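Chain by chain, the residues run as shown.
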Amino acid sequence: MKIYPQQVVCKHCDSLYTRKPVRSGEAARCQRCRAVLYRGSWLSLEQWFALTVTAALFFIIANAFPVLEIQFHGQVQAATLWQTAMALAYSYASPLAIPLAMLIIVCPCLQILLLGWVLWHACRKKAAPGLASAMRLLAGLAPWSMAEVALLSILIAAIKLSGLVQITPGPGTWALLGLCLLLPVINHQDFHPLWSLKTLKGQRE
């Protein structure tokens, strides 16, 4: 499949434009419908990759450590994200267990792994093997990654239970907060430099 990284199509009216460089903080807009075509990236590839690695560390902590600790009459119960999904599987809401695990665990994990794979090669001035497939999968995963929904649910549960038991946010909650802040940053950068590496690779071959 031939790639045209210098061409950009408006998602709203299908107008075709030739990509022009824009500075950080600026945006290129469609002349017909005024929709944003792309924005100037304020991160270098190395900084982008570093933030992706940081997001991966946050993700590991969020899944390895408890998100909430509940104390009641001297007894302490703690649960991680995985344990929360598993507990849901054994309740009356068991049909929601798999979608929950996909939205708050599997999809963010795949996003971070794929982006890290692509950026690791890009930092070495190479196009990652399977770049086109990885980019399409990243675009498809974007609407289904809902780590922020998990964080909001945890906060709501903590507020509702705080009057009955003692609630303490665990390390997983703070890591999930960091993950929710980083995912939009790393997933909404300009992917044009990555496609350009794919084109250069094809020209060399």
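Scope of this entry: the structure provided in the associated data block. Note that the structure is a prediction, hence the values are computed from the model and not measured.

This brings us to the overall build of the protein chain. Within the protein chain, the regular secondary structure consists of seven helices and seven strands. The helix and strand sequence of the protein chain, counted from the amino end, reads β-β-β-β-α-β-β-α-α-α-α-β-α-α. Sorting the 205 residues of the protein chain into buried and exposed places 39% on the buried side. Long-range contacts, defined as pairs at least 24 residues apart, comprise 62% of the intrachain contacts of the protein chain with a sequence gap of at least 6.

Now for the packing of helix H3 (residues 97-123) against helix H4 (residues 131-141). Orientation of H3 relative to H4, taken along the N-to-C sense of each, is 145 degrees, at an axis distance of 10 Å. In this structure, H3 meets H4 at a crossing whose hand is left-handed. Of the residues in H4, those touching H3 at Cys 107, Leu 110, Gln 111, Leu 114, Leu 115 and Val 118 are Leu 131, Ala 134, Leu 137, Leu 138 and Leu 141. Each residue belonging to the contact of H3 with H4 can be placed in one class, and the counts come to ten nonpolar, one polar and no charged.

Turning our eyes to something else, we now look at the nonpolar core. With 40 residues, the main nonpolar core has Trp 48, Leu 81, Leu 115, Leu 176, Leu 179, Phe 191 and Leu 194 as its most contacted residues. Within the residue set of this core, elements represented by two or more residues are helix H1 (45-64), H3, H4, helix H5 (147-161) and helix H6 (171-187). When residues of this core are assigned to their parent elements, the largest contribution, nine residues, is made by H3. Residue contacts for Leu 179: discarding those within four places in its chain leaves Ala 55, Phe 58, Phe 59, Ile 112 and Ala 147.

Summed over all chains, the structure comprises zero disulfides. The thiol sulfur of Cys 107 is not disulfide-bonded, and the nearest other cysteine sulfur, from Cys 109, lies at 9.9 Å.

Attention now moves to a nonpolar patch on the surface. Side chains of Val 53, Leu 57 and Ile 60 sit close together on the surface and give an oily, nonpolar patch of about 270 Å² of accessible area. Tracing the backbone shows Ile 60 in helix H1.

Between its first and last C-alpha atoms H3 spans 38 Å; for 27 residues at 1.5 Å apiece the expected length is 39 Å, and the two agree. At Leu 103, H3 shows its maximal kink, close to 40 degrees. Where H3 ends, the next residue or the one after it, Lys 125, has phi of about 60 degrees, a positive value.

Our focus in this paragraph is the packing of aromatic side chains. In this structure the tally under the stated criterion is zero aromatic pairs. Across from the ring centre of Trp 120, 4.4 Å away, lies the NZ or CZ of Arg 124, which sits over that ring.

With that settled, consider unusual backbone geometry. Phi at Asp 14 takes a positive value of approximately 65 degrees, unusual for a residue other than glycine. Tracing the chain through its elements places Asp 14 in the loop between strand S1 (7-9) and strand S2 (16-18). Overall, Asp 14 belongs to the exposed group, its relative accessible area being 61%. The phi dihedral of Lys 125 falls on the positive side, at around 60 degrees, and the residue is not glycine. Examined against the element boundaries, Lys 125 turns out to sit in the loop between H3 and H4.

With that settled, consider the side chain of Gln 111. Structurally, Gln 111 can be placed in helix H3. Residue contacts for Gln 111: discarding those within four places in its chain leaves Leu 138, Leu 141, Ala 142, Ser 145 and Asn 187.

Analysis parameters
- Residues numbered from 1 in each chain as written.
- Predicted model: local features only at pLDDT ≥ 70, side-chain atom pairs only at ≥ 80, totals over all residues.
- Heavy atoms only, no water.
- Helix = DSSP H or I, 4+ residues; strand = E, 2+ residues; numbered from the N terminus.
- Buried < 20%, exposed > 50% of the residue type's maximum accessible area, 1.4 Å probe, protein only.
- Contact = heavy atoms within 4.5 Å.
- Axes fitted to C-alpha atoms, helices over the stretch in contact; angles between N-to-C directions.
- Left-handed = near helix turned anticlockwise from the far one by under 90°.
- Nonpolar A, V, L, I, M, F, W, Y, C, P; charged D, E, K, R; others polar.
- Core = buried A, V, L, I, M, F, W, Y, C linked by side-chain atoms within 4.5 Å.
- Disulfide = S-S within 2.5 Å.
- Patch = residues over 30% accessible without salt bridge, like charges linked within 9 Å, V, L, I, M, F, W, Y side chains within 5 Å.
- Areas by Shrake-Rupley, 256 points an atom, 1.4 Å probe, with all protein chains shown as cover.
- Salt bridge = Lys/Arg side-chain N within 4 Å of Asp/Glu carboxyl O.
- Expected span 1.5 Å × (residues − 1).
- Bend = angle between axes of the 7 residues up to and from the residue.
- Phe/Tyr/Trp six-rings, centres within 6.5 Å; stacked < 30°, edge-to-face > 60°.
- Lys NZ or Arg CZ within 6 Å of the ring centre and 35° of its normal.

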